[in-house]
Amino acid sequence: MNTEKIALIDIGSNTIRLVIFEITTDYNLLELQNIKTPARLSQYLDENKTMSQAGIDALVQVLETFVAVTNQYDVTQILPMATAAIRQSTNKTDIIQQVLDRTGITLQIVPEEKEAYYGSYAVTLSTETKDGVTVDIGGGSTEITYFVNKEIVRYHSFPFGVVTLKQMFFEGKEHNSEKAIKKMSAYIQEAFKSLEWLQDLRVPVTAIGGSGRSIANVHQRQINYPLAGVHGYQMSRDGLTQTLELFKSLSIPELQDLDGLSQDRTDIIIPANVVFRTLFDEVNAPAFIFSNKGLREGIIMDYLNNKSDDQAFSKMNTSTQSIYKLGLSYHTQDKVADQRGNLVSMLYEEFCKEGILEKDRYVARLLQYGSYLYYLGVYVESGAVSQHTFYIISNSELNGLSHQERVVVALLASFKNRSLFNQYSEPFTSWFDSTYLNQIRELGGIIKFANALNDSHLSVVRNIELKKTKNGYELLLYYKGSIIAEEYRTMRQRKHIQRLVKGDLNIAFVDMVTGKKKVINHS
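Computed from a prediction, not measured in an experiment: that's the story for all the values here.

## Structural notes on the pairing of strand 11 (residues 288-291)
Now for step 1: Burial along strand 11 is two-sided: Phe288 and Phe290 facing one way and Ile289 and Ser291 facing the other are all buried.
Now for step 2: Here strand 9 (residues 205-208) runs beside strand 11; their pairing, made up of four bridges, is parallel. Each bridged residue has a counterpart across the sheet, and for isoleucine 208 the counterpart in strand 11 is serine 291.
Now for step 3: Taken together, the two bridges between strand 10 (residues 234-235) and strand 11 define a ladder with antiparallel strand orientation. Bridging across to strand 11, glutamine 234 finds its partner in isoleucine 289.

## Let's talk about the sheet that holds strand 2 (residues 16-23)
Now for step 1: Taken together, the five strands give an open sheet; going across it, the order is 3-2-1-4-5, and neighbouring strands pair in mixed fashion. Taken across any chain shown, the strands that pair with only one partner, and hence form the sheet edges, are strand 3 (29-37) and strand 5 (108-109).
Now for step 2: Where strand 4 (residues 77-82) meets strand 5, two bridges bridge the pair, whose relative direction is parallel. From the neighbouring strand, alanine 82 faces strand 5, where its bridge partner is isoleucine 109.

## Brief notes about the pattern of salt bridges
Now for step 1: Counting across every chain of the model gives 22 salt bridges.
Now for step 2: Where lysine 307 meets glutamate 4, a salt bridge forms, and the shortest distance between an N and an O atom there is 3.0 Å. You can see lysine 307 sitting in helix 11 (residues 295-308) and its partner glutamate 4 sitting in strand 1 (residues 4-11), a full 303 residues away along the chain.
Now for step 3: Assessed through its relative accessible area of 10%, glutamate 4 is described here as buried.
Now for step 4: Notably, a salt bridge pairs arginine 237 with aspartate 281, separated by 2.6 Å at the nearest N-O pair. Pair noted here: arginine 237 is in helix 8 (residues 237-249) and aspartate 281 is in helix 10 (residues 269-283), with a separation of 44 residues, a long-range link.
Now for step 5: Taking relative accessible area as the criterion, aspartate 281 reaches 36% and is therefore assigned partly exposed.
Now for step 6: When salt bridges that share partners are traced, they join Arg40, Lys166 and Asp267 into one network.

## Considering the packing of helix 14 (residues 361-372) against helix 18 (residues 434-452)
Now for step 1: The geometry of helix 14 relative to helix 18 is characterised by a closest axis approach of 10 Å and an angle of 45 degrees between their N-to-C directions. Taken as axis vectors, helix 14 and helix 18 run oblique relative to one another. Considering only the axes of helix 14 and helix 18, their crossing is right-handed. Together, Tyr362, Val363, Leu366, Leu367, Gly370 and Ser371 of helix 14 and Tyr436, Gln439, Leu443 and Ile447 of helix 18 make up the contact between the two elements.

## Overview of the pairing of strand 3
Now for step 1: Relative to strand 3, strand 2 runs antiparallel, the two being bridged by eight bridges. Note on strand 3: the bridge partner recorded for arginine 17 is lysine 36.

## Some thoughts on the packing of aromatic side chains
One pair of aromatic rings is described through two measures. These are the centre distance and the angle between the planes.
Now for step 1: Evaluation of the coordinates by the stated rule reveals 20 aromatic pairs.
Now for step 2: Between phenylalanine 158 and phenylalanine 192, the aromatic rings sit 5.5 Å apart at their centres with planes inclined by 70 degrees, giving edge-to-face as the arrangement. Placement of the pair is phenylalanine 158 in strand 8 (residues 151-158) and phenylalanine 192 in helix 6 (residues 178-193), with a sequence separation of 34 residues.
Now for step 3: A residue is classified by how much of its surface remains accessible, and phenylalanine 158, at 4% relative accessible area, is buried.
Now for step 4: By relative accessible area, phenylalanine 192 is classed as buried at 0%.

## Section: a nonpolar patch on the surface
Now for step 1: Among the surface-exposed residues, Val378, Tyr379 and Val380 lie close enough to one another that they form a single nonpolar patch of about 290 Å² accessible area.
Now for step 2: Secondary-structure assignment places tyrosine 379 in the loop between helix 14 and helix 15 (385-394).

## Observations concerning unusual backbone geometry
Now for step 1: In the Ramachandran plot, lysine 49 falls in the positive-phi region, its phi being about 65 degrees despite a non-glycine side chain.
Now for step 2: Along the polypeptide, lysine 49 turns up in the loop between strand 3 and helix 1 (53-70).
Now for step 3: Taking the relative accessible area as the measure of exposure, lysine 49 reaches 32% and is therefore partly exposed.
Now for step 4: The backbone of asparagine 284 sits at a positive phi, close to 60 degrees, despite the residue not being glycine.

## A closer look at the nonpolar core
Now for step 1: Core analysis: the largest hydrophobic core is formed by 118 residues, its most contacted members being Val133, Leu198, Phe276 and Leu475.
Now for step 2: In terms of residue count, helix 10 provides more of this core than any other element does, nine residues in total.
Now for step 3: In contact with leucine 475, not counting residues within four places along its chain, are Leu347, Phe449, Ile464, Glu465, Leu466, Ile497, Leu505, Asn506, Ile507 and Ala508.
Now for step 4: Counting residues in hydrophobic clusters, the runner-up holds 26 residues, among them Leu59, Phe66, Val69 and Ile105.

## A look at the sheet that holds strand 7 (residues 142-148)
Now for step 1: Within the open sheet, the six strands sit side by side as 8-7-6-9-11-10. Their pairing is mixed. The open sheet is flanked by strand 8 and strand 10, the only strands paired with a single partner.

## Remarks on helix 15
Now for step 1: For helix 15, a buried count of seven out of 10 residues is recorded, marking the element as mostly surrounded by other parts of the structure.
Now for step 2: Along helix 15, the residues that are buried comprise Val385, Ser386, Thr389, Phe390, Ile392, Ile393 and Ser394.
Now for step 3: At its buried positions, helix 15 is contacted by helix 12 (318-329), helix 16 (403-413) and helix 17 (418-425).

## Side note on the side chain of histidine 496
Now for step 1: Position of histidine 496 among the secondary structure elements: in helix 20 (residues 495-501).
Now for step 2: Looking at histidine 496, the relative accessible area reads 5%, which means it is buried.
Now for step 3: There is a polar contact of 3.1 Å between the side chain of histidine 496 and the side chain of glutamine 493.
Now for step 4: A distance of 3.5 Å separates polar atoms of two side chains, one belonging to histidine 496 and the other to arginine 499.

Calculation rules
- Residues numbered from 1 in each chain as written.
- Predicted model: local features only at pLDDT ≥ 70, side-chain atom pairs only at ≥ 80, totals over all residues.
- Heavy atoms only, no water.
- Buried < 20%, exposed > 50% of the residue type's maximum accessible area, 1.4 Å probe, protein only.
- Helix = DSSP H or I, 4+ residues; strand = E, 2+ residues; numbered from the N terminus.
- Pairing = 2+ DSSP bridges.
- Salt bridge = Lys/Arg side-chain N within 4 Å of Asp/Glu carboxyl O.
- Axes fitted to C-alpha atoms, helices over the stretch in contact; angles between N-to-C directions.
- Parallel < 35°, antiparallel > 145°, perpendicular 65-115°, else oblique.
- Left-handed = near helix turned anticlockwise from the far one by under 90°.
- Contact = heavy atoms within 4.5 Å.
- Phe/Tyr/Trp six-rings, centres within 6.5 Å; stacked < 30°, edge-to-face > 60°.
- Patch = residues over 30% accessible without salt bridge, like charges linked within 9 Å, V, L, I, M, F, W, Y side chains within 5 Å.
- Areas by Shrake-Rupley, 256 points an atom, 1.4 Å probe, with all protein chains shown as cover.
- Core = buried A, V, L, I, M, F, W, Y, C linked by side-chain atoms within 4.5 Å.
- Polar contact = N/O pair within 3.5 Å; in protein donor to acceptor, adjacent residues only side chain to side chain.

Here's what the structure looks like:
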């Protein structure tokens, strides 16, 4: 597959957004441009759902600008996708024709079921959640899906969104009118109760779209959250209540100054927050999760999976694929990373076999991720490779990994010494207890030692064996070829596994051809 550039125009009821993606040969999505404008097309619909000429003119003006932008990027394809505002319009045929005549763009109307599908599809391909509910609230509609084992089993589209809710309940009233909020809450609750399949599912609810991102951003800033990004961020019902009470307590000018809240959402953020909390209660959800992947990404992912026979994005290997793609972005050498991973696995298995470490499949998976991305920050600068590595991984949007898992992988992949480890982990001490952090530090030492065993990048060490001795342990490193580089580096990094055995440790290289054994140190 050749590299291509696709421009996706998402024509929603509240905003119109242009995103230009460059798609690499390995199906990595690189966002080259992202522009939005709060057009609020749904406000141009009259009581008969007819869009006024002023609304059509506003749409055309935005699209003309977006087409000019795409011309600067050598775009191979434009996907202009229209949702609720135009879908609900009784004069949509006229809208489509005027847009074609005046801009050359042929609008594609996204049906309700497809809009629900694309959003849910993006969530299942970018998280490890197997069973859950998604909610995508736009300006004029709200899509709900229920998926089991990452397959949609139910969906529904409600004909209300943040803009229409504002029009229905807050016309002529303050944005935080208690009376309006009470009436709106009852209306939303009744709507959700009409779906019997939604009641008491007890699965996570994942929010898609800009309103969700705004609420997550505000909450993160309120609690001084130490990581960047909202993809995979989780809130409880108490958290949703806290943000709602905050929004209700502030005037519009104060909301416009609120850190994390987009200014074009100040008058519609309360309806969104109420929808989320009401849905949380109806589902009896254990967690409320925010996804940075939604309709637009779902469309692109579906497009690429159709072209690649479902190879571009995997539902069942989401995190592994995400780790691989991050490594690819920073030019990780696959052969070297794979050998380091093999050595890490052998060391881990040997230490577990001897009871030095407790075998844990979950920890082993994170250990492999840390091993694969080890010191990827060298691509930025070799002088501060550890620091760059930790920052890049901990602040990257890694699909399928929780924020806590991102930090663990970053700590493993950046491990250099105890002092730097403590520096990196200090903002996250409330996330992990000291025992777990000690374990992660020990595993980081295993990665660093394994890296030393392949210093020449020639994969000379083929097998590893740990044997119990009278006074401690002997680590046998079976090799083929020259071990000049590996011998030196192993001597220097020996301390990282010496701490694990808590006793004497002999390390010896064993020539697999001659059987000759060379002890390189003795304690």
